[in-house]
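Okay, here's what each chain looks like letter by letter:
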Amino acid sequence: MQLLVSPSSIEEARHSLSADIIDVKKPSEGSLGANFPWVIREVKRIAGDKPVSAAIGDNEYKPGTAALSAYGAACAGADFIKVGLMFDGEDRAREVIEAVTRAVKTDFPEKYVVIAAYSDYERMGTISPFAISSLVADAGADVAMIDTGIKDGMSTFTFMDEESLSRFTRQNRELGLKTALAGSLQFEDLDALKRIDPEIIGVRGMVCGGDRLCSIQADLVDKAMKMIG
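These notes cover the structure that comes with them. Keep in mind that what you see is a predicted model, and the values were worked out from it rather than measured.

**Quick look at the overall build of the protein chain**
For the protein chain, the helix and strand inventory stands at 10 helices and 8 strands. Its C-alpha atoms give the protein chain a radius of gyration of 16 Å, near enough to 17 Å, the size a compact globule of 229 residues would have. Taking the principal axes of the C-alpha coordinates as reference, the protein chain spans close to 45 × 40 × 30 Å. Across the 229 residues that make up the protein chain, the buried fraction comes to 53%. Excluding contacts between residues fewer than 6 apart, the proportion of contacts in the protein chain whose partners are at least 24 apart in sequence is 68%. Of the accessible surface of the protein chain, which amounts to about 9,500 Å², a share of 49% is contributed by carbon and sulfur atoms. Within the protein chain, the 35 negative side-chain charges are centred at a point lying 4 Å from the centre of the 26 positive side-chain charges.

This is the structure:
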């Protein structure tokens with residue numbers, strides 16, 4: 001299980017370098033808020049050989065916008081390009097997933113496309129995470145992810161229990177996909193996450209002392225890495 005940490009700035013990225021994956025996003029613009037391409041580029045420079053991920057937003061049903069954003073993140077140096085599906089409907093989700101995957105994989109076949117649905121999809125009226133796995137696999141993307149769409153302190157475990165998250169992980173594995181789990185995860189969730197065994201867990205608030213709007217603390221990143229290992 002790899003630890004993905006989501007800094008919002010170049011300085012925070014310097015405090016995140018002990019994580020397995022550095023994830024560039026802009027929390028003030030949403031759960032998967034997109035940061036600037038020059039920030040992605042600089043974080044990639046300081047990360048060296050370490051993989052860098054970039055969120056491209058909690059996307060409405062706009063396949064062209066999502067595809068162009070994904071391509072821009074790939075050009076800026078992101079190794080993982082992550083898109084959130086902030087809408088409902090499997091046909092519409094398929095169109096966005098296929099567009100994003102084609103935009104990245106045509107010129108950058110070695111990069112990873114991450115498609116995220118939300119654990120709190122029922123309160124938001126967005127697509128269920130269980131509906132995206134086959135769409136992600138069919139499109140040739142790489143990772144199916146769960147996050148929380150509304151950042152109000154409630155975690156993914158508030159909306160989906162360990163059994164549901166384990167089922168999601170198994171479903172993805174059977175389709176040849178990796179699983180990423182995120183959404184206001186806490187240190188006390190790590191034992192359950194080890195049992196669920198996704199390939200990636202994504203955190204921010206956990207390593208900011210509990211508040212995602214505060215700054216990442218390097219010692220908390222180190223603590224999380226030790227607890228996972």
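**Overview of the pattern of salt bridges**
Evaluated as defined, the whole model comprises 15 salt bridges. One salt bridge connects Asp 79 with Lys 44, and the closest N-O pair in it is separated by 2.8 Å. Of this pair, Asp 79 sits in the loop between helix H3 (63-76) and strand E4 (80-85) while Lys 44 is found in helix H2 (residues 37-47), placing the two residues 35 residues apart along the sequence. Where Lys 105 meets Asp 142, a salt bridge forms, and the shortest distance between an N and an O atom there is 2.9 Å. Placement of Lys 105 in helix H4 (residues 90-105) and of Asp 142 in the loop between helix H6 (133-139) and strand E6 (143-147) is noted, with a sequence separation of 37 residues between them.

**Overview of the nonpolar core**
Leu 3, Leu 85, Ile 115 and Val 207 are the most contacted members of the largest nonpolar core, which has 61 residues in total. Residues contacting Ile 115, with those up to four places away along its chain left out, are Val 83, Leu 85, Ile 97, Ile 132, Val 136, Ala 141, Val 143, Ala 144 and Met 145. Ile 21, Val 114, Ala 116 and Val 143 belong to the second largest nonpolar core, which has 13 residues in total.

**Quick look at the sheet that holds strand E2 (residues 21-24)**
One closed barrel accounts for 8 strands, arranged E1-E2-E3-E4-E5-E6-E7-E8; its pairing is parallel. Each neighbouring strand pair of the sheet contributes to a mean axis angle of 25°, computed without reference to strand direction. Relative to E6, strand E5 (residues 112-118) runs parallel, the two being bridged by 5 bridges. Within the sheet, the bridge partner assigned to Ala 117 lies in E6 and is Ile 146. Strands E6 and strand E7 (178-181) of the sheet are contacted by helix H8 (residues 162-174), whose axis makes an angle of about 150° with E7. Docked against the sheet, helix H10 (residues 218-228) engages strand E1 (2-5) and strand E8 (200-203), running at close to 160° with respect to E1.

**Examining the packing of aromatic side chains**
Overall, the coordinates contain 5 aromatic pairs when judged by the stated rule. A centroid spacing of 5.9 Å and a plane angle of 50° characterise the contact between Tyr 71 and Phe 108, whose relative ring orientation is tilted. Taken together, the residues Tyr 71 in helix H3 and Phe 108 in the loop between H4 and E5 connect sequence positions 37 residues apart. The class for Tyr 71 is partly exposed, based on a relative accessible area of 30%. Overall, Phe 108 belongs to the buried group, its relative accessible area being 17%. Between Phe 130 and Phe 168, the aromatic rings sit 6.0 Å apart at their centres with planes inclined by 85°, giving edge-to-face as the arrangement. Of this pair, Phe 130 sits in the loop between helix H5 (121-124) and H6 while Phe 168 is found in helix H8, placing the two residues 38 residues apart along the sequence. Note on Phe 130: relative accessible area 22%, which makes it partly exposed. Sitting over the ring of Phe 130, Arg 167 keeps its end group 4.3 Å from the ring centre. Across the ring face of Phe 187, the terminal group of Lys 223 is positioned such that the distance to the ring centre comes to 4.3 Å.

Parameters at a glance
- Numbers given to residues run from 1 along each chain, matching the order in which its sequence is written.
- Predicted model: local features are reported for residues with pLDDT of at least 70 only, side-chain atom pairs are reported and counted for 80 or more only, and whole-chain, interface and lining totals are derived from all residues.
- With hydrogens and water excluded, all non-hydrogen atoms of the structure serve as input to the side-chain values.
- For helices the rule is a DSSP run of H or I covering at least 4 residues; for strands it is a run of E covering at least 2, with both sets numbered from the N terminus onward.
- C-alpha atoms define the radius of gyration in this analysis, and the globule rule sets the expected value at 2.2 Å times the number of residues to the power 0.38.
- Only protein chains enter the accessibility calculation, which uses a 1.4 Å probe. A residue is then buried if its area is under 20% of the maximum for its type, exposed if over 50%, and partly exposed in between.
- Any two residues whose heavy atoms approach within 4.5 Å at even a single point are treated as in contact.
- Residue exposure ignores everything except the shown protein chains as possible cover, and the areas themselves are Shrake-Rupley values with a 1.4 Å probe.
- When charges are counted, Lys and Arg are positive and Asp and Glu negative, with His and the chain ends excluded.
- Where a charge lies is defined by one atom per residue type: Lys uses NZ, Arg uses CZ, Asp uses CG and Glu uses CD.
- Whenever Lys or Arg places a side-chain nitrogen within 4 Å of a carboxyl oxygen from Asp or Glu, that contact is recorded as a salt bridge.
- For our purposes a nonpolar core is just a set of buried Ala, Val, Leu, Ile, Met, Phe, Trp, Tyr and Cys residues, chained together by side-chain atoms within 4.5 Å.
- Should DSSP find at least two bridges between two strands, the strands are regarded as paired.
- Lines fitted to C-alpha atoms define the axes, with helix axes restricted to the stretch in contact, and inter-axis angles between N-to-C directions lie between 0 and 180 degrees.
- Any two rings among Phe, Tyr and Trp, with Trp reduced to its six-membered ring, count as a pair given centres within 6.5 Å; such a pair is stacked if its planes are under 30 degrees apart, edge-to-face if over 60, and tilted if neither.
- Geometrically, a charge over a ring is one whose NZ (Lys) or CZ (Arg) sits within 6 Å of the ring centre while staying within 35 degrees of the ring normal.

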